[in-house]
Amino acid sequence: MYQKYKNVETVKPGGLELKDRLVGVQRVTKVTKGGRAFGFSAIVVVGDEAGVVGHGLGKSKEVATAIAKAIEDAKKNLIRIPLDKHTLPHEQKGKFGGARVYIQPASHGTGVIAGGAVRAVLEAVGVHDVLSKSQGSSNPHNVVKATFDALLQLRGASTVAKQRGVSLDKVFKG
């Protein structure tokens, strides 16, 4: 699922205290010769609020089973995001489909300045101070995936130092 990204650390759900956040539930209708058949699709974000997060989609005839399926799907797609205390290491843009998301680190005490689906993802990751802007499509599926695109492109200071082949001090002091 995350093959196009470098340095993605996938995580197994065992032993983690995961909290799930419901991003959205949509009622979908299929018109058949016998009338309309209603179903539900749910998108859920799970995270341990310490850098591990995943998202999932579940579909069913009932809302409760759609949410349960989405949670199970999210637990299969857990990844670790590099955090700098309780904010992000650097600003980043992400896009998926028609949705574009911009996330930027903020100073301590700012809080999570984000709307809807972006807020759910950032809170599940464990980010406490961040500024964000969601542009383009407001479709929650695409906004969640655009936020994940931005988060997956983040690199911690130690990763940058290793990729450049220099010491950690040289990354900060130039």
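Residues numbered from 1 in each chain as written. Predicted model: local features only at pLDDT ≥ 70, side-chain atom pairs only at ≥ 80, totals over all residues. Heavy atoms only, no water.

- As recorded in an unreviewed UniProt entry, the protein goes by the name Small ribosomal subunit protein uS5, listed as coming from Maribacter polysiphoniae.
- The record held by UniProt for the protein lists under Subunit (unreviewed entry) the comment "Part of the 30S ribosomal subunit. Contacts proteins S4 and S8."
- Quoted verbatim from the Sequence similarities (unreviewed entry) field of the UniProt record, the comment on the protein reads "Belongs to the universal ribosomal protein uS5 family." (UniProt positions renumbered as here; feature names shortened; annotations may be inferred.)

**Notes on the overall build of the protein**
Thought 1: Secondary structure summary: the protein contains five helices and nine strands in total.
Thought 2: Along the protein, from the amino end to the carboxyl end, the secondary structure elements read β-β-β-β-α-β-β-β-β-α-β-α-α-α.
Thought 3: Dimensions along the principal axes, computed over C-alpha positions, put the protein at roughly 70 × 35 × 30 Å.
Thought 4: Within the protein, buried positions represent 38% of all 174 residues.
Thought 5: Put simply, 60% of the contacts in the protein that link residues at least 6 apart link residues at least 24 apart.
Thought 6: Per element, the accessible surface of the protein, about 10000 Å² overall, is 51% carbon and sulfur.
Thought 7: Charged side chains of the protein number 27 positive and 14 negative; the gap between the two group centres comes to 10 Å. (Helix = DSSP H or I, 4+ residues; strand = E, 2+ residues; numbered from the N terminus. Buried < 20%, exposed > 50% of the residue type's maximum accessible area, 1.4 Å probe, protein only. Contact = heavy atoms within 4.5 Å. Areas by Shrake-Rupley, 256 points an atom, 1.4 Å probe, with all protein chains shown as cover. Lys, Arg positive; Asp, Glu negative; His and termini not counted. Charge placed at Lys NZ, Arg CZ, Asp CG, Glu CD.)

**Description of unusual backbone geometry**
Thought 1: Positive phi is not limited to glycine here, since Glu49 has a value of about 60°.
Thought 2: Classification of Glu49 as partly exposed rests on a relative accessible area of 30%.

**As for the pattern of salt bridges**
Thought 1: Here the structure, examined in full by the defined rule, presents four salt bridges.
Thought 2: The closest approach of N and O atoms between Glu123 and Arg119, which form a salt bridge, is 3.1 Å. Of the two residues, Glu123 and Arg119 both sit in helix α2 (residues 116-125), four residues apart, roughly one turn of that helix.
Thought 3: Residue class for Arg119 comes out partly exposed when judged on its relative accessible area of 31%.
Thought 4: One salt-bridge network, held together by shared partners, links Lys19, Arg21, Glu49, Arg119 and Glu123. (Salt bridge = Lys/Arg side-chain N within 4 Å of Asp/Glu carboxyl O.)

**Topic: the sheet that holds strand β1 (residues 9-10)**
Thought 1: Read from one edge to the other, the open sheet built from five strands follows the order β1-β5-β4-β3-β2, with strand pairing classed as antiparallel. The sheet terminates laterally at β1 and β2 (19-32), the two strands that pair on one side only.
Thought 2: Two strands pair when backbone bridges link them, and β1 and strand β5 (residues 79-80) are joined in this way by two bridges, in the antiparallel orientation. Counted as the bridge partner of Glu9 is Arg80 from β5.
Thought 3: Strands in contact with helix α1 (residues 63-76) are β2, β3 (35-47) and β4 (52-60); relative to β4, the strand with the most contacts, it is inclined by about 145°.
Thought 4: Sheet contacts for helix α3 (residues 140-152): β2, β3, β4 and β5; angle to β4, the most-contacted strand, approximately 160°. (Pairing = 2+ DSSP bridges. Axes fitted to C-alpha atoms, helices over the stretch in contact; angles between N-to-C directions.)

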